[in-house]
Amino acid sequence: MAFFYSDGTLHVGDARASVTVDSIVGALDRPAYVYDLDDIALRFHAMNNAFASARHTIHYAMKANSNAAILRHVCALGAGVDTVSGGEIARALAAGVPADRIIFSGVAKTHQEIQRALTARIKQINVESPQELQRIADIAQDLGVVADVAFRLNPNVNPKTHPYITTGFRDNKFGMDESFMPELRGILARESKWVRLRGFTMHIGSLLFDLAVIREAIEKTIAVHDTFKAEGHALDRLDIGGGLGIAYDTADTAREFEMIAQYGRMAIDVTRGMNVELLCEPGRIFVARAGVLVGRVQYIKATAQKTFAILDTGMHHLVRPALYGSKHRILPLRQGTGDSMVYDIVGPICESSDFLAKDVLLSPLKQGDLVAIADAGAYGFTMASQYNSHELPAEIAVNASGHQS
Ligand code: LLP
């Protein structure tokens, strides 16, 4: 449930144990993200159950939210992480995630980042180009270690999500199509002392709802996997990426839990008989619902066209509405009385892309009110900036006993 109204007041928790969001942020003098750790656990357990009959590891994509309390929490639940930078690897290790539960994705891994990954002895590097594979082999040789790698396939599918978060289509910079395979085979043969191919990986995009397209991409990946296996590579892993979406326009989460169950069933079905460890890299589905961003109304400003509620938080703290046109629900911490009004919820940044929601119908707001932007737990704080030299928001993680960290 995470965030819900009771007696007109926004609460965090569930029906058995909850506190008001106001009791957490009311005394703060700056915007804050509030996270519900128990909601994340619920989703992790659902995913784990969905994959229960397969040998599997969930590698939480920490780019969605790399808050230390959340990392410690998912690690304690048994998850590993998917990282995309040396900085994320360092954060994961600092939070106590064991190196053998860390995988490293991304198209632009620097010499230093690969060195850090190999020195830490992480589980796997997901390779995105032949030049990267060569660089990994060279660094492994320098360090005298063997690098475990997976090749990221670009399966050329169209998952019909926002173009900015589509990653498995032929026009995208991600992964490698079959034309790269001869060169990769050559490097593998030459560098067999330093790199060991453990499997294949793919990730076709984010905010996905169509499991049939994910299945198609997995099938294409398996076809290439099988070719390499037939050539004698001892492949023992298959990484099916992340990408499951949430419906930002509703508080109803039943569909997401159903999708998690179907996703697991589909993945197990399509990989039946492969004898591999199944890896997945979900981010958003674990944390999006578990976080809100809370800001305070500084001014109400009405023009002939619009009524603006101007907050102390905006696109610098949550860029998703400005960048992707995403529509987050707006939840005043206390529902006011009186006839509802249409507002644009905007921030302090000096450009007109600085909106959190447009034309939303809300009970009347007034100066000083606290307002939560819903479903902001994924790609909220991790994409926040200090544009206009504003401070970053605070982050507060809460669990059922009301404990805050
Ligand atoms: N694995 C890889 C290699 C990825 O690139 C991503 C996300 C994930 C896993 C996790 O995807 P998820 O399960 O969270 O959909 N900032 C955008 C989303 C960018 C996603 C980038 N890659 C947004 O706010 O919608």
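All values derive from a computational prediction rather than experimental measurement.

Engineer: A description of the overall build of the protein chain should follow, citing residues and the corresponding values.
Structural biologist: Scanning the protein chain for helices and strands turns up eleven helices and 19 strands. Relative to a compact globule of 405 residues, whose C-alpha radius of gyration would be 22 Å, the protein chain shows 22 Å and is just as compact. Taken over the C-alpha atoms alone, the protein chain extends approximately 70 × 40 × 35 Å along its principal axes. Nonlocal contacts in the protein chain, meaning residues at least 24 apart in sequence, comprise 70% of its contacts between residues at least 6 apart. Surface accessibility of the protein chain: about 16,900 Å² in total, with carbon and sulfur atoms responsible for 50%. Side-chain charges of the protein chain comprise 40 positive and 45 negative groups, with the mean position of each set lying 2 Å from the other.

Engineer: Summarise the layout of surface pockets; cite the residues concerned and give the values.
Structural biologist: Each pocket or cavity is described by its volume, and for the largest pocket that value is around 800 Å³. Forming the walls of the largest pocket are 39 residues, and the residues nearest its centre are Lys63, Val84, Thr167, Phe174 and Tyr379. By residue class, the composition of the lining of the largest pocket is 15 nonpolar, 13 polar and eleven charged.

Engineer: How would you explain the sheet that holds strand 2 (residues 9-13) if you had to name every residue and give the values?
Structural biologist: Spatially, the three strands line up as an open sheet ordered 1-2-3, and their pairing is antiparallel. In the strand order of this sheet, the two ends are held by strand 1 (3-6) and strand 3 (18-20), each with one partner. Direction aside, neighbouring strands of the sheet carry axes that sit 40° apart on average. In the sheet, strand 2 pairs with strand 3 via three bridges, with the strands oriented antiparallel. By the bridge assignment for strand 3, His11 is matched with Thr20.

Engineer: If you had to explain the site of the ligand to someone new, which residues and values would you point to?
Structural biologist: Neighbouring the ligand are 17 residues; Ser206, Glu281, Arg320, Tyr324 and Tyr379 lie closest to it. Between a nitrogen atom of the ligand and a side-chain N or O atom of Asp82, the distance comes to 3.4 Å. In this structure, Tyr324 approaches the ligand through a side-chain N or O atom, which is 2.8 Å from a nitrogen atom. The protein chains hide 92% of the 590 Å² of surface that the ligand would expose on its own. When atom positions are compared with the pocket grids, the ligand is found to occupy the largest pocket. Each residue belonging to the shell around the ligand can be placed in one class, and the counts come to six nonpolar, five polar and six charged.

Engineer: Can you break down the nonpolar core residue by residue, with the values?
Structural biologist: Tyr60, Val149, Phe151, Ile214, Ile240, Tyr263 and Ile345 are the most contacted members of the largest nonpolar core, which totals 104 residues. When residues of this core are assigned to their parent elements, the largest contribution, eight residues, is made by helix 8 (residues 211-230). Filtering out sequence-adjacent residues up to four positions away, Phe151 remains in contact with Val127, Leu133, Met176, Leu184, Leu188, Leu197, Gly199, Phe200, Thr201 and Phe228.

Engineer: Break down the packing of helix 6 (residues 130-143) against helix 7 (residues 181-190) for me, with residues and values.
Structural biologist: Two elements in contact, helix 6 and helix 7, have axes whose closest approach is 10 Å; the angle formed by their N-to-C orientations is 10°. Considered as vectors, helix 6 and helix 7 are oriented roughly parallel to each other. Here Pro130, Leu133 and Gln134 of helix 6 come into contact with helix 7, specifically with Glu183, Leu184, Ile187 and Arg190. Counted by class, the contact of helix 6 with helix 7 contains four nonpolar, one polar and two charged residues.

Engineer: Residues and numbers for the packing of aromatic side chains, please.
Structural biologist: Enumeration according to the criterion identifies nine aromatic pairs in this entry. Geometrically, the ring pair formed by Tyr164 and Tyr324 is edge-to-face, given 6.4 Å between the ring centres and 65° between the ring planes. You can see Tyr164 sitting in the loop between strand 9 (147-152) and helix 7 and its partner Tyr324 sitting in helix 11 (residues 320-324), a full 160 residues away along the chain. Put simply, the rings of Tyr33, Tyr35 and Phe381 touch in pairs and so form one group of aromatic residues. Lying over the aromatic face of Phe104, Lys109 brings its terminal NZ or CZ to 5.4 Å of the ring centre.

Engineer: Can you tell me about helix 6, naming the residues and giving the values?
Structural biologist: An α-helical turn contains 3.6 residues, so any two residues separated by three or four positions project in the same direction. Between the first and last C-alpha of helix 6 there are 20 Å, a value that for 14 residues agrees with the 20 Å anticipated at 1.5 Å per step. Among the residues of helix 6, Pro130, Glu132, Leu133, Ile136, Ala137, Ile139 and Ala140 are the ones counted as buried. The inward-facing, buried residues of helix 6 contact helix 5 (111-120), strand 8 (124-127), strand 9, helix 7 and strand 10 (195-201).

Engineer: Any details on the pattern of salt bridges? Residues and values, ideally.
Structural biologist: This structure, assessed with the given rule, holds 25 salt bridges. Here Asp148 and Arg196 are joined by a salt bridge, their closest N and O atoms 2.7 Å apart. On the criterion of sequence distance, the pair formed by Asp148 in strand 9 and Arg196 in strand 10 is long-range, its members being 48 residues apart. Classification of Asp148 by relative accessible area gives buried; the value is 16%. Classification of Arg196 as partly exposed rests on a relative accessible area of 41%.

What counts and what doesn't
Residues numbered from 1 in each chain as written. Predicted model: local features only at pLDDT ≥ 70, side-chain atom pairs only at ≥ 80, totals over all residues. Heavy atoms only, no water. Helix = DSSP H or I, 4+ residues; strand = E, 2+ residues; numbered from the N terminus. Rg over C-alpha atoms; globule rule 2.2 N^0.38 Å. Contact = heavy atoms within 4.5 Å. Areas by Shrake-Rupley, 256 points an atom, 1.4 Å probe, with all protein chains shown as cover. Lys, Arg positive; Asp, Glu negative; His and termini not counted. Charge placed at Lys NZ, Arg CZ, Asp CG, Glu CD. 1 Å grid on protein atoms, 1.4 Å probe; cavity = no way out; pocket = protein on both sides within 12 Å on 5 of 7 lines; lining within 4 Å. Points joined across faces, edges and corners; volume = space filled by probe spheres on them. Nonpolar A, V, L, I, M, F, W, Y, C, P; charged D, E, K, R; others polar. Pairing = 2+ DSSP bridges. Axes fitted to C-alpha atoms, helices over the stretch in contact; angles between N-to-C directions. Near = heavy atom within 4 Å. Polar contact = N/O pair within 3.5 Å; in protein donor to acceptor, adjacent residues only side chain to side chain. Sits in = over half its atoms within 2 Å of the grid points. Core = buried A, V, L, I, M, F, W, Y, C linked by side-chain atoms within 4.5 Å. Buried < 20%, exposed > 50% of the residue type's maximum accessible area, 1.4 Å probe, protein only. Parallel < 35°, antiparallel > 145°, perpendicular 65-115°, else oblique. Phe/Tyr/Trp six-rings, centres within 6.5 Å; stacked < 30°, edge-to-face > 60°. Lys NZ or Arg CZ within 6 Å of the ring centre and 35° of its normal. Expected span 1.5 Å × (residues − 1). Salt bridge = Lys/Arg side-chain N within 4 Å of Asp/Glu carboxyl O.

That's the geometry; what it means functionally is another story.
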